[in-house]
Amino acid sequence: MSRLNTHSLSSISSTTSKSSAQDDTEDGVSLRVLVADDELLNRTLLERILTKHGHEVVTAEDGGAALDMAERVKPDVLLLDLSMPTMDGMEVLAIIRSGQRDIPTDMPVIVLTGFDEKDVGAACRGFGVVDVVTKPISLDMLLTVLARVTKRGKD
């Protein structure tokens, strides 16, 4: 089962908050972020932290819900846990990239995993993921990766 380091995220988020949430985003750009993770605590923490940093966040508790939500809200980026019941992250990636659903096949995806990045990195990059972020998640690393998505959208 995947775990998010709640103590680290809570302490980091409280020390990096600013008066205006919009000031925390790259060049003032807010992203619509879909967080797909089967752990309620992970979804809740990521939603609170990313919202605090000026992003709009929607969540999904499994792969099927993530695909449904992606069709409805058209997120700018998907934060996708690999280990979910029923439909895991790799299955979600395969469906998105194949064009089977009304989801842009080039939607930026950031994989969240409790596995060693070396073990999953090559397979995920084969599906065109932006990056693989290992748990416990470093807020600084996650914000850096999201900034890359923002910059990529401007190119």
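Thresholds applied
- Residues numbered from 1 in each chain as written.
- Predicted model: local features only at pLDDT ≥ 70, side-chain atom pairs only at ≥ 80, totals over all residues.
- Heavy atoms only, no water.
- Helix = DSSP H or I, 4+ residues; strand = E, 2+ residues; numbered from the N terminus.
- Areas by Shrake-Rupley, 256 points an atom, 1.4 Å probe, with all protein chains shown as cover.
- Pairing = 2+ DSSP bridges.
- Axes fitted to C-alpha atoms, helices over the stretch in contact; angles between N-to-C directions.
- Core = buried A, V, L, I, M, F, W, Y, C linked by side-chain atoms within 4.5 Å.
- Buried < 20%, exposed > 50% of the residue type's maximum accessible area, 1.4 Å probe, protein only.
- Contact = heavy atoms within 4.5 Å.
- Salt bridge = Lys/Arg side-chain N within 4 Å of Asp/Glu carboxyl O.

(A) Expanded view of the overall build of the chain. Helix and strand counts for the chain come out as six helices and five strands. For the chain, the succession of helices and strands along the chain, N to C, is α-β-α-β-α-β-α-β-α-β-α. Accessible area for the chain stands at about 7,500 Å²; split by element, carbon and sulfur atoms hold 50% of it.

(B) Looking closely at the sheet that holds strand β1 (residues 32-36). The parallel open sheet is built from five strands, whose spatial order is β2-β1-β3-β4-β5. Of all the strands in the sheet, the pair left with one neighbour each is β2 (56-60) and β5 (131-134). Pairwise comparison of adjacent strand axes, ignoring direction, gives a mean angle of 20° for this sheet. Here five bridges tie β1 to β2, and the two strands are oriented parallel to one another.

(C) Inspection of the nonpolar core at higher detail. Formed by 26 residues in total, the largest nonpolar core has its most connected members in Leu78, Leu80 and Val111. Among the secondary structure elements, those contributing two or more residues to this core are β1, β2, α3 (63-73), β3 (77-81), α4 (89-98), β4 (109-113) and α5 (117-125). Broken down by element, this core gets its largest block of residues, five residues, from α3. Setting aside chain neighbours within four positions, we find Leu78 in contact with Leu34, Ala36, Val92, Ile96, Met107, Pro108, Val109 and Ile110. In this structure, Val33, Leu46, Leu112 and Val145 belong to the second largest nonpolar core, which totals 17 residues.

(D) Quick peek at unusual backbone geometry. The amide bond that connects Lys135 to the next residue, Pro136, takes the cis arrangement and shows omega of 0°. Checked against the element boundaries, Pro136 lands in the loop between β5 and α6 (139-154). One non-glycine residue with positive phi stands out, namely Lys74, at about 50°. Judged by relative accessible area, which is 34%, Lys74 ranks as partly exposed. Even without being a glycine, Thr86 presents a positive backbone phi close to 70°. Along the chain, Thr86 turns up in the loop between β3 and α4.

(E) Inspection of the pattern of salt bridges at higher detail. On inspection of all chains with the given rule, the structure shows seven salt bridges. In this structure, the salt-bridge partner of Arg32 is Glu56, at a minimum N-O distance of 3.2 Å. Highlighted residues: Arg32 in strand β1 and Glu56 in strand β2, separated in sequence by 24 residues. Measuring nitrogen to oxygen at the nearest pair gives 2.8 Å for the salt bridge that ties Arg148 to Asp131. You can see Arg148 sitting in helix α6 and its partner Asp131 sitting in strand β5, a full 17 residues away along the chain. Classification of Asp131 as buried rests on a relative accessible area of 12%. Connected via shared salt-bridge partners are Asp37, Asp81 and Lys135.

Geometric values such as these leave the question of function open.
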